[in-house]
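Now for the letters of each chain:
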Amino acid sequence: MFDKLRWKLTLFNTAVTGFVMVCLVVLCLSLSEKNTRQQTLKNFTDTAYAVSSYLEVQDQVSDTWLQQMQSDPNLHISISDAGKPLFSMTLAPGNAGLTQEFQSAREYAGLRTGKRGSKSFYMDGYYTVVSQIVKQDSVIELILLYSLEEMEAGIQKQRILVSTAVFVAVILLGIFSWLFTGRMLKPIQENQQRQTEFIAAASHELRTPLAAILSAASAMERAEPIQRSQFSDMIHREGNRMSRLIGDMLSLASSDSKAWPLQKEPVELDMLLLEVYEAQYPLAKEQGIALTLSLYEQDIPVMKLDKDRIAQVVSILLDNARNHAAGKIELELAVHRNRVQIRVSDNGPGVPDSEKKQIFERFYRSEKSRSDRGHFGLGLSIAAEIVKKHHGRIWVQDATIGGAEFVVELPVS
């Protein structure tokens, strides 16, 4: 599905952007060609006027002047007096094949013989001017032909170069669009994949307590009155387990939908840890685990935090430690480089290096914890989301007491 969508977005982006680019290039090219033709016509018109003016005031045509006129290979001149070519006007080699063109221009102009007049027009690839200059004893006929072949060849070459450049630009645009859309769709694709995995894992986790509840309910119908209380306890226990799981999933879903607001307020972090410690101490004692608390000796500035959410993070870490500790858990508050750190250490089996990043993923459980039916693999991911929303960091490292040490780092500001 994403590959098809990527192709569609790439084609759409390339087509729209390419169309706009081609329209702009065509417009610019048209204006450039129009300006080139207008400038060429203006130059030719100025030249024709200068030649006519020269012939009106001069009785003789000098060779030097003719050479100047013939310096432009595209300009061809025919000057005749009373229908006879001027002796000083020997047609240049480039004009030798233009006899027919000169004759056609003369006929097309249709000027009356012996009458002063001038006519400008376009004829078969030439800008043309035909003039008759009447003097006292002669009628001079002037025909100017300006070949547009070189100009059209230049325009054609420009079109080819611009078309090639546009084609290459469209290809590069398509490649860029393909890479850009792939990069744009990647987070969406990853998010959909995470949602699919989340739903699959959640369904699997919910199926276990639901099956236990249904099994216990079915067994209660056939059990003796004395045994029914046992099945009732199982139903309540599995129901509470399912309730916790659903609560955890709703918390993560709220985080994903950005509907998990933080109620920040000034918090004394050492007092918060003390409250969590007092709530967790009896639970640890029941399991035979020694839970200790170490607070920072100096004053810690009051921080703006969501008190309940940070307390939830610490409780999650302590619950996780109680599930793995071998008799000792340390809760510590420290300051490191203007950042406050909450550290929870245990002397359990620790976390392998290969799992230290994966352990914060949703529904991830190490092989050692899969037999624990109360562990869903959501607690640490919830803790990571809460810490992230506080612009902090959370990670796990090897503890000095032999197990794992989870570190929550929060900015003082």
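Residues numbered from 1 in each chain as written. Predicted model: local features only at pLDDT ≥ 70, side-chain atom pairs only at ≥ 80, totals over all residues. Heavy atoms only, no water.

(A) Highlighting the sheet that holds strand β10 (residues 339-346). One open sheet holds the 5 strands; their spatial order is β7-β9-β10-β12-β11, and the pairing between them is mixed. The sheet is open, and its two edges are formed by β7 (290-294) and β11 (393-398), each paired on a single side. Neighbour-to-neighbour, the strand axes of this sheet turn through a mean angle of 15 degrees, independent of strand direction. Of the pairings in the sheet, the one linking strand β9 (residues 328-336) to β10 comprises 8 bridges and is antiparallel in character. Residue I329 lies in a different strand from β10, and its bridge partner there is D346. (Pairing = 2+ DSSP bridges. Helix = DSSP H or I, 4+ residues; strand = E, 2+ residues; numbered from the N terminus. Axes fitted to C-alpha atoms, helices over the stretch in contact; angles between N-to-C directions.)

(B) Seen up close, the packing of helix α6 (residues 269-286) against helix α7 (residues 307-324). Two elements in contact, α6 and α7, have axes whose closest approach is 10 Å; the angle formed by their N-to-C orientations is 35 degrees. As for how α6 packs across α7, the hand of that crossing is right-handed. On the side of α6, the interface is formed by L269, L272, L273, E275, V276, Q280, L283 and A284, while α7 contributes K307, I310, A311, V314, S315, L318, D319 and R322. Classifying every residue of the contact of α6 with α7 gives 10 nonpolar, 2 polar and 4 charged. (Left-handed = near helix turned anticlockwise from the far one by under 90°. Contact = heavy atoms within 4.5 Å. Nonpolar A, V, L, I, M, F, W, Y, C, P; charged D, E, K, R; others polar.)

(C) Fine view of α7. For α7, with 18 residues, the first-to-last C-alpha span of 26 Å sits near the 26 Å given by 1.5 Å per residue. By the burial criterion, the buried members of α7 are I310, A311, V313, V314, I316, L317, L318, N320, A321 and R322. (Expected span 1.5 Å × (residues − 1). Buried < 20%, exposed > 50% of the residue type's maximum accessible area, 1.4 Å probe, protein only.)

(D) Region of interest: the side chain of K356. Note that K356 resides in the loop between β10 and α8 (379-389). Contact partners of K356, with chain neighbours within four places excluded, come to V351, V396, Q397 and D398.

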